[in-house]
Amino acid sequence: MLAMLDTLQEDAISELGSVDSINGLELWRVAYLGSKGRLKSAMPLMKDVSKEEKPAVGKRLNQVKHALENAFDTRKQELAGSASARAPMDVTEPGNDVALGRRHIITNTIDGITEVFSRMGFSIAYGPEVEDEYHNFNALNIPDDHPARDPIDNFFMGGDRMLRSQTSTVQIRVMESTPPPIKIIAVGRVYRPDTHDATHFSMFHQCEGLLVAPKVSMVDLKTTLFQFAKSYFGEEAEVRFRPSFFPFTEPSAEVDMKMKIKGKWQWVEIGGCGLVDPNVFEQLGYDNDKWQGYAFGLGIERVAMLKYGIQDIRWLFENDARFLRQF
Ligand code: DAH
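Residues numbered from 1 in each chain as written. Predicted model: local features only at pLDDT ≥ 70, side-chain atom pairs only at ≥ 80, totals over all residues. Heavy atoms only, no water.

**So, the overall build of the protein chain**
Now for step 1: Regarding its fold elements, the protein chain presents 11 helices and nine strands.
Now for step 2: The C-alpha radius of gyration computed for the protein chain amounts to 37 Å, which surpasses the reference 20 Å derived for 327 residues by more than 25%, pointing to a less compact arrangement than a globule.
Now for step 3: Seen through its principal axes, the protein chain has C-alpha atoms that stretch 115 × 45 × 45 Å.
Now for step 4: Scored against the burial criterion, the 327 residues of the protein chain give a buried share of 42%.
Now for step 5: Restricting the contact set of the protein chain to residue pairs at least 6 apart, pairs at least 24 apart contribute 66%.
Now for step 6: Of the roughly 18,300 Å² of accessible surface on the protein chain, a fraction of 53% belongs to carbon and sulfur atoms.
Now for step 7: Across the protein chain, 38 positive and 46 negative side-chain charges occur, with their mean positions spaced 9 Å apart. (Helix = DSSP H or I, 4+ residues; strand = E, 2+ residues; numbered from the N terminus. Rg over C-alpha atoms; globule rule 2.2 N^0.38 Å. Buried < 20%, exposed > 50% of the residue type's maximum accessible area, 1.4 Å probe, protein only. Contact = heavy atoms within 4.5 Å. Areas by Shrake-Rupley, 256 points an atom, 1.4 Å probe, with all protein chains shown as cover. Lys, Arg positive; Asp, Glu negative; His and termini not counted. Charge placed at Lys NZ, Arg CZ, Asp CG, Glu CD.)

**Structural notes on the nonpolar core**
Now for step 1: With 47 residues, the main nonpolar core has Phe117, Phe228, Met257 and Phe296 as its most contacted residues.
Now for step 2: Apart from the residues within four sequence positions on either side, Phe228 is in contact with Ile113, Val116, Phe117, Met120, Phe233, Met257 and Leu298.
Now for step 3: Listed in part, the 23 residues of the second largest apolar core include Leu140, Ile172, Val174 and Val280. (Core = buried A, V, L, I, M, F, W, Y, C linked by side-chain atoms within 4.5 Å.)

**With respect to the pairing of strand β7 (residues 249-261)**
Now for step 1: As paired strands, strand β6 (residues 238-246) and β7 are joined by eight bridges and run antiparallel to one another. Across the sheet, Val239 pairs through a bridge with Met257, a residue of β7.
Now for step 2: The antiparallel hairpin formed by β6 and β7 contains two residues in its connecting segment.
Now for step 3: By the bridge criterion, 11 bridges tie β7 to strand β8 (residues 264-276) in an arrangement that is antiparallel. In the strand pairing of β8, Lys258 is matched with Trp267. (Pairing = 2+ DSSP bridges.)

**Describing the domain arrangement of the protein chain**
Frequently, the measure chosen for interface size is the accessible area that the parts lose on association.
Now for step 1: The domains assigned to the protein chain are domain 1 (2-85) and domain 2 (105-324).
Now for step 2: The centre of domain 1, based on its C-alpha atoms, is set 76 Å off from the matching centre of domain 2. (Domains from an automatic or database assignment.)

**Considering the pairing of strand β4 (residues 182-191)**
Now for step 1: Most of β4 sits out of view: eight of its 10 residues are buried.
Now for step 2: Sheet topology places strand β1 (residues 123-125) next to β4; three bridges connect them, and they run parallel. Looking at the pairing, Ser123 lines up with Ile184 of β4.
Now for step 3: Two strands pair when backbone bridges link them, and β4 and strand β5 (residues 203-213) are joined in this way by 10 bridges, in the antiparallel orientation. For Ile184, the partnering residue across the bridge sits in β5 and is Leu210.

**Concerning the side chain of Asn136**
Now for step 1: By secondary structure assignment, the location of Asn136 is in helix α6 (residues 133-136).
Now for step 2: Residue Asn136 is classed as buried on the basis of its relative accessible area of 0%.
Now for step 3: Of the polar contacts made by the side chain of Asn136, one reaches the side chain of Ser165; its length is 2.9 Å.
Now for step 4: Setting aside residues up to four positions removed in sequence, Asn136 forms contacts with Ile142, Met162, Arg164, Ser165, Gln166 and Thr169. (Polar contact = N/O pair within 3.5 Å; in protein donor to acceptor, adjacent residues only side chain to side chain.)

**Comments concerning the packing of helix α1 (residues 2-17) against helix α2 (residues 22-33)**
Now for step 1: One can describe the packing of α1 onto α2 by two numbers: an axis separation of 11 Å at closest approach and a directional angle of 175 degrees. Relative to α2, the element α1 lies roughly antiparallel. Contact residues: Leu8, Asp11, Ala12, Glu15 and Leu16 in α1; Leu25, Trp28 and Tyr32 in α2.
Now for step 2: Taken together, the residues that form the contact of α1 with α2 break down as six nonpolar, no polar and two charged. (Axes fitted to C-alpha atoms, helices over the stretch in contact; angles between N-to-C directions. Parallel < 35°, antiparallel > 145°, perpendicular 65-115°, else oblique. Nonpolar A, V, L, I, M, F, W, Y, C, P; charged D, E, K, R; others polar.)

Given below as C-alpha cells:
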C-alpha cells in the first residue's frame, strides 16, 4: 500500500508538470483529487492493511493528499499568471458594474419643489447662510426685544454675524437688489441650536417664496400654494390656512396641506405665509401705495418625511447608505 501511494504521488506530480492550461488542470484535479479520482479509490484499500501498519499508512495517505493539493494550488497560480492559459478576451462581454451612487433624498425633494414653482413662473434666488442680524431680524420687522432673537435659539457668531435661522432673509436681499415686480423662491439651509430628536435638527432646509406686484391678495397666495400641493402631492391634495402671526407678514397664516400618509389623508402643518407687512416694504423704500406682496416659507424636511413616510429627521443626516439607498 505504501509503495502504491508513492507511485500515485510520483505519477501525479510528473503529470502535473506537463499540464499547461486551466482546462488541463481541471482534468488533472478530477483524475487525482476528484470524488472518483485515484486518491479516493485508494481509500477502501485501507481495510486490507494490517492493524500494526494502519497508522503509518493513514499518515502517508494524508501526506499524499496534502502534497497533491499544494501542488495543484501552486500550478494553478502559475497558470493564472501566464498569458497562454488565459481565455482569449471576449469584447462582447458586459463590463463590470460601476456603483454610481445616488442623489440625497433632500436634494431630490428640493428639485421636485423647485421644479413645480419654476413651472409657475418663479425664479430661483440665493442668499448667504452666514448672515447679519439686520437681514435675519430687523429688516423682517423683528424688533430687538423679540423672543425669536434669544441667544438660546440662534447661532450667533460674534459681531452681528449669525447663521441664518430662516430663509426669509433672502426676501430682503432680493428686494434690496431687484426692483419690483418680483417672483422668486429661495431654497437653502437654516440653523437653530435645537436638541436633536425625531423632529428637530440643528440644520434643516426651507423653501421661501416671495411675490411682489401691484395688486396681491391672500387669494393669490392660497391659489399658488394650492397649485403647488396638487402638483407635488397629487390631485387630491388640499391646502388650509390657520390664522397666525409673523412679524414680516400681515395678515399671517400657518399653512397645512392635506396629504396621504400610509394610505390615510391627513392635515399636516408644513409652513407659514402671509401678505408682506407694510413695515418691511417701508424699510426697503418700496412704495406701499404701489406694491403689495405675499410670502411663504415651507419646511423641506417636513415635506420629504411626509412624502416618503420617514419617522426620524436624524436618519436624513446620518449618511447611512443603507437608509439613503431606499429613496
Ligand atoms: N420664516 C418663518 C419660520 O422660519 C416661516 C415663514 C412664515 C416664512 C411666514 C414666510 C412667511 O415667508 O410669510 O418660521
